[in-house]
Amino acid sequence: MEINEIVISRAIVERFFEKLLSNLEPDVAIVGGGPSGLVAGYYLARAGRKVALYERKLSIGGGMWGGGMMFNEIVVQQGALSVLDEFGISYRPCGEEGYYTADSVEATSTLTSMAVKAGVSVFNCVSVEDVMIRPDRIVGLVINWSPVEMSGLHVDPLAVRAPFVVDATGHAVEVVRVVEKKVPGALMTGSGKVEGEKSMWSNRAESLTLENTREVYPGLYVTGMAANATFGGPRMGAIFGGMLLSGQKVANDILVKLENR
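The text that follows walks through the structure, step by step, so that each part is easy to find. Residue positions are given per chain, counting from 1 as you read along its sequence in written order. Reporting in this predicted model follows two pLDDT cut-offs: at least 70 for local features of residues, and 80 or more for side-chain atom pairs to be given and counted; totals over whole chains, interfaces and linings ignore these cut-offs and use all residues. Calculated side-chain values reflect all of the structure's heavy atoms, with hydrogen atoms and water omitted.

### Focus on the environment of Val-155
Then step 1. Checked against the element boundaries, Val-155 lands in the loop between helix H5 (146-151) and strand S9 (158-161).
Then step 2. For the pair Val-155 and Asn-144, spaced 11 residues apart in sequence, the C-alpha separation works out to 8.2 Å.
Then step 3. Should any heavy atoms of two residues lie within 4.5 Å, those residues are counted as being in contact. Filtering out sequence-adjacent residues up to four positions away, Val-155 remains in contact with Asn-144 and Val-148. Strands here mean DSSP runs of E at least two residues long; helices mean DSSP runs of H or I at least four residues long; both are numbered from the N terminus.

Dropping the structure here:
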């Protein structure tokens with residue numbers, strides 16, 4: 001059969017716009033496709049909620065791909081093994097009681113695949129440049145192509161409306177910083193501002209990741225490293241149990257809110 005280039009182009013355009021149009025008003029918009037964002041999306045979508053995930057880079061998975069310093073292995077503590085089991089990610093003990101290693105390529109690719117199979121719609125190469133607030137809670141995002149942002153082109157964005165937004169952008173805590181700028185002093189932190197990420201302290205960071213996973217402005221939640229950066233917790237390095245559990249926690253918290261709407 002002769003290959004028809006127009007058929008190929010039409011199929012891609014039609015299917016993409018079908019996906020885009022069906023996600024202009026998701027139940028939850030997740031910004032950042034790292035491990036906590038993927039896990040959150042998986043649990044939300046598995047519960048039957050419409051979830052759109054926006055990742056500014058071409059690849060999904062955040063920093064998990066590289067393990068520690070590009071040694072593509074990650075460490076997960078025993079308390080988070082239930083999440084690895086849920087996703088079917090293999091692991092083995094590493095010699096220290098309570099700690100396990102997993103192949104970072106298997107872990108990242110499996111989290112991505114399972115999230116998509118659960119129903120998460122992923123939009124890569126998309127950046128969030130602004131938020132919508134009406135009047136005192138976040139109600140959506142303003143998005144544009146990442147190459148537009150990178151090249152400095154003056155191209156107007158599009159809007160996505162969602163009752164709940166998750167900032168899973170990691171160290172940069174991008175969405176929360178937009179709200180901090182637009183509504184000074186309104187964040188639910190001690191200072192009303194982003195507290196900022198502290199230096200590495202793995203043990204403390206892992207516990208604080210879960211503690212800091214919560215609503216930071218009405219309708220806006222933080223998860224993973226974005227949670228610690230928002231509330232002043234330290235970074236943790238290439239141990240990912242807290243990240244996985246943080247994604248699970250933020251999904252459960254939002255599901256309760258959605259059920260009570």
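More follows now that the structure is in view.
### Some details on a nonpolar patch on the surface
Then step 1. A surface patch of nonpolar side chains, about 370 Å² in accessible area, is lined by Val-13, Phe-17, Leu-21 and Leu-24.
Then step 2. By the element assignment, Val-13 lies in helix H1 (residues 5-21).
Then step 3. Only protein chains enter the accessibility calculation, which uses a 1.4 Å probe; a residue is then buried when its area is under 20% of its type maximum, exposed when over 50%, and partly exposed in between. Residue classification places Val-13 among the partly exposed residues on the basis of a relative accessible area of 44%. Put simply, a patch holds well-exposed residues, over 30% relative accessible area, that have no salt bridge, with like charges counted together within 9 Å and Val, Leu, Ile, Met, Phe, Trp or Tyr side chains within 5 Å. Accessible surface area values rest on a Shrake-Rupley calculation with a 1.4 Å probe, where residue burial reflects the displayed protein chains alone. Counted as salt bridges are all cases of a side-chain nitrogen of Lys or Arg within 4 Å of a carboxyl oxygen of Asp or Glu.

### With respect to the pattern of salt bridges
Then step 1. Under the counting rule described, the total for this entry stands at seven salt bridges.
Then step 2. Arg-46 is the partner of Glu-86 in a salt bridge, and the nearest nitrogen-oxygen pair spans 2.5 Å. Of this pair, Glu-86 sits in helix H3 (residues 81-87) while Arg-46 is found in helix H2 (residues 35-46), placing the two residues 40 residues apart along the sequence.
Then step 3. Assessed through its relative accessible area of 30%, Glu-86 is described here as partly exposed.
Then step 4. It is possible to trace a salt-bridge network through shared partners that takes in Arg-56, Glu-149 and Glu-174.

### Structural notes on the sheet that holds S9
Then step 1. Think of it this way: DSSP has to see at least two bridges between two strands before they count as a pair. Taken in spatial order, the three strands line up as S7-S8-S9 in an open sheet, and their pairing is antiparallel. Strand pairing shows two members of the sheet lacking a second neighbour, strand S7 (126-133) and S9, which therefore form its edges. Taken pair by pair, the neighbouring strands of this sheet meet at an average axis angle of 30°, ignoring direction.
Then step 2. The pairing of S7 with strand S8 (residues 138-145) spans seven bridges and is classified as antiparallel. Residue pairing in the sheet places Val-131 in a bridge with Leu-141 of S8.
Then step 3. Throughout, an axis means a line fitted to C-alpha atoms (over the contacting stretch in the case of helices), and angles, computed between N-to-C directions, take values from 0 to 180 degrees. Its contacts with the sheet place helix H6 (residues 174-182) against S7 and S8, and it is angled at close to 40° to S7.

### Examining the packing of aromatic side chains
Then step 1. Note on aromatic contacts: the rings of Phe and Tyr and the six-membered ring of Trp form a pair at centre separations within 6.5 Å, being stacked when their planes are under 30 degrees apart, edge-to-face when over 60 apart, and tilted otherwise. Taken as a whole and assessed by the stated rule, the structure comprises nine aromatic pairs.
Then step 2. Aromatic pair Tyr-42 and Phe-87: ring centres 4.4 Å apart, planes at 45°, arrangement tilted. In this pair, Tyr-42 is assigned in helix H2 and Phe-87 in helix H3, connecting sequence segments 45 residues apart. Grouping residues by exposure puts Tyr-42 and Phe-87 together as buried.
Then step 3. Residues Tyr-54 and Phe-123 carry aromatic rings whose centres are separated by 5.5 Å and whose planes lie at 20° to one another, so their mutual orientation is stacked. Of this pair, Tyr-54 sits in strand S2 (residues 51-55) while Phe-123 sits in strand S6 (residues 121-124); the two residues are 69 residues apart in sequence, bridging distant segments of the chain.

### A short note on the packing of H2 against helix H4 (residues 104-118)
Then step 1. The contact between H2 and H4 brings their axes to 8 Å, and the two run at 25°. The orientation of H2 with respect to H4, classified from their angle, is roughly parallel. Of the two possible hands of crossing, H2 and H4 adopt the one that is left-handed. Where H2 abuts H4, its residues Pro-35, Leu-38, Val-39, Tyr-42, Ala-45 and Arg-46 lie against Leu-111, Thr-112, Met-114, Ala-115 and Ala-118.
Then step 2. Residue polarity follows a fixed list, in which Ala, Val, Leu, Ile, Met, Phe, Trp, Tyr, Cys and Pro are nonpolar, Asp, Glu, Lys and Arg are charged, and the others, Gly among them, are polar. Residues of the contact of H2 with H4, tallied by class, amount to nine nonpolar, one polar and one charged. The labels follow the angle: roughly parallel below 35 degrees, roughly antiparallel above 145, roughly perpendicular from 65 to 115, and oblique for the rest. A clockwise turn of the near helix away from the far one marks a right-handed crossing, whereas an anticlockwise turn of less than a right angle marks a left-handed crossing.

### Considerations on the pairing of strand S10 (residues 164-167)
Then step 1. Burial of S10 is two-sided: the residues Phe-164 and Val-166 facing one way and the residues Val-165 and Asp-167 facing the other way are all buried.
Then step 2. Pairing of strand S1 (residues 28-31) with S10 involves four bridges; the strand directions are parallel. By the bridge assignment, Val-28 is partnered in S10 with Phe-164.
Then step 3. Across three bridges, S10 lies against strand S12 (residues 220-222) in parallel orientation. By the bridge assignment, Asp-167 is partnered in S12 with Val-222.

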